[in-house]
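Geometric and topological summary
Below are the chains, spelled out letter by letter.
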Amino acid sequence: MTTLLQVSGLTKRFGGLTAVREAGFTVAAGEVTGLLGPNGSGKTTMMNLISGNLKPDAGTVRLVGKDITGRRPHLIARGGIARTFQLVRVINDMTARENVVAGLAFRDRPLWGQAAANEADRLLERVGLGGRAEAQAAELTYVDQKRLELARALALSPRLLLLDEWLAGLNASELDGGIALIRSLSQEGVTVLMVEHVMSAIRQLCERCVVMNAGAIVAEGETTAVMSDPAVIAAYLGEEDD
Ligand SMILES: Nc1ncnc2c1ncn2[C@@H]1O[C@H](COP(=O)(O)OP(=O)(O)OP(=O)(O)O)[C@@H](O)[C@H]1O
Ligand SMILES: [Mg+2]
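All of the points below concern the structure found in this document. The structure displayed is predicted, hence computed values, not measured ones.

What counts as what
- Residues numbered from 1 in each chain as written.
- Chains lettered and ligands numbered in written order.
- Predicted model: local features only at pLDDT ≥ 70, side-chain atom pairs only at ≥ 80, totals over all residues.
- Heavy atoms only, no water.
- Helix = DSSP H or I, 4+ residues; strand = E, 2+ residues; numbered from the N terminus.
- Rg over C-alpha atoms; globule rule 2.2 N^0.38 Å.
- Buried < 20%, exposed > 50% of the residue type's maximum accessible area, 1.4 Å probe, protein only.
- Areas by Shrake-Rupley, 256 points an atom, 1.4 Å probe, with all protein chains shown as cover.
- Lys, Arg positive; Asp, Glu negative; His and termini not counted.
- Charge placed at Lys NZ, Arg CZ, Asp CG, Glu CD.
- Donors = N, O, S within 2.8 Å, 3.2 Å for Na, K, Ca; no water.
- Contact = heavy atoms within 4.5 Å.
- 1 Å grid on protein atoms, 1.4 Å probe; cavity = no way out; pocket = protein on both sides within 12 Å on 5 of 7 lines; lining within 4 Å.
- Points joined across faces, edges and corners; volume = space filled by probe spheres on them.
- Nonpolar A, V, L, I, M, F, W, Y, C, P; charged D, E, K, R; others polar.
- Domains from an automatic or database assignment.
- Axes fitted to C-alpha atoms, helices over the stretch in contact; angles between N-to-C directions.
- Parallel < 35°, antiparallel > 145°, perpendicular 65-115°, else oblique.
- Left-handed = near helix turned anticlockwise from the far one by under 90°.

**Considering the overall build of the chain**
Each helix and strand in the chain was counted, giving 9 helices and 10 strands. In summary, the chain has a C-alpha radius of gyration of 17 Å against a globular reference of 18 Å for 242 residues, a match within 12%. The dimensions of the chain, computed from C-alpha atoms along their principal axes, are 50 × 40 × 40 Å. Within the chain, the proportion of its 242 residues that are buried is 51%. Accessible area of the chain: about 10,700 Å², with a carbon and sulfur share of 50%. The positive charge centre, built from 25 side chains, and the negative charge centre, built from 28, are 9 Å apart in the chain.

If you want it as structure tokens, here you go:
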């Protein structure tokens, strides 16, 4: 099995707080891997270190063996890592199509003009926003803004897609649709690393999980085994999330 992403000894400090501490794990190509852990355990910081939005104090991030540690976000994106944000980031005063076209301009082989518009419409259709291309991003519902952000991430033709609580805040039927969408992307060959608190989604989607607690990796392995690991149960004791 090919290792797509390899994180080793990764450390990030914010002043006196060590948000990520000597963290190491791997993501296999073709798999959906869950990144779990209680609130404040360092999951978003980890995503930011992988995507280049933050620079680590120590450690390395490798994509198919290539060291990409500390590179700027647009270069990492062009290298094949796309992401969504825990707090949705779309460009409010642009249409859905324009948001995705902006993403297409940042990929390894950029698309422009009509080719970009056509590809944007295809991606919008792909995430369930067919027919909404002309809508202003600000007018979209929360779940549709999440879909739009995903379409923009897909515009980069990523090898690795980082999803930071992309399923959070969806109602039951939206959740089912979201799970089906992530599964279909995986079946098309996109490798996914997803931060998620929705345990039912993790059980349905993730072959493997990595669990963080207080900045450190406390478990890594096959999902059912990880879920019954005493270190994981201890990390979640007192947590309300399920
Ligand atoms: N830019 C920052 N400056 C200072 N402290 C930060 C910064 N970003 C994160 N932290 C702190 O680092 C720790 C880890 O935060 P992080 O956002 O990575 O956690 P998380 O696991 O994503 O939590 P949640 O499940 O609530 O999203 C927290 O204590 C947080 O307050
Ligand atoms: Mg977070």
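**Thoughts on the coordination of the magnesium ion (ligand 2)**
Within the protein, the atoms that donate to the magnesium ion (ligand 2) are T44 (OG1) and Q86 (OE1), at distances of 2.0 to 2.2 Å. Here T44 is found in helix α1 (residues 43-51), whereas its partner Q86 is found in the loop between β6 (81-83) and α3 (96-104), with 42 residues between them in sequence.

**Some thoughts on the environment of T18**
With respect to the helices and strands, the residue T18 is situated in strand β2 (residues 17-28). Excluding residues within four positions of it along the chain, T18 makes contact with T11, K12 and R13.

**Here's the deal with the side chain of T191**
As for its position among the elements, T191 is in strand β8 (residues 191-195). Here T191 falls in the buried class, since its relative accessible area comes to 2%. With near-sequence residues (within four places) excluded, T191 lies in contact with L4, V27, A28, A29, G30, E31, R159, L160 and L161.

**Details of the layout of surface pockets**
Estimated volume of the largest pocket: approximately 480 Å³. If you trace the largest pocket, you find 19 residues lining it, with A77, R83, F85, R152 and L156 closest to the centre. Among the elements of the structure, α2 (73-78), β6, α3 and α5 (142-154) are those that each provide at least two residues to the lining of the largest pocket. Here the lining of the largest pocket is built from residues that sort into 11 nonpolar, 4 polar and 4 charged. Counting contributing residues, the lining of the largest pocket receives three or more from each of domain 1 (1-80 + 158-242) and domain 2 (90-157). Here the second largest pocket is characterised by a volume of approximately 330 Å³. What lines the second largest pocket is a set of 17 residues, among which R78, G79, G80, D108 and R159 lie closest to the centre. The element that contributes the greatest number of residues to the lining of the second largest pocket is α2, accounting for 4 residues. Per-class residue counts for the lining of the second largest pocket are 7 nonpolar, 3 polar and 7 charged. Each of domain 1 (1-80 + 158-242) and domain 2 (90-157) accounts for three or more of the residues forming the lining of the second largest pocket.

**Some points on the packing of α3 against α5**
Running from amino to carboxyl end, α3 crosses α5 at an angle of 30°, the nearest separation of the two axes being 7 Å. Relative to α5, the element α3 lies roughly parallel. At the point where α3 passes α5, the crossing takes the right-handed sense. Of α5, the residues touching α3 (which contributes A96, N99, V100 and G103) are L148, A151 and R152. Here the contact of α3 with α5 is built from residues that sort into 4 nonpolar, 2 polar and 1 charged.

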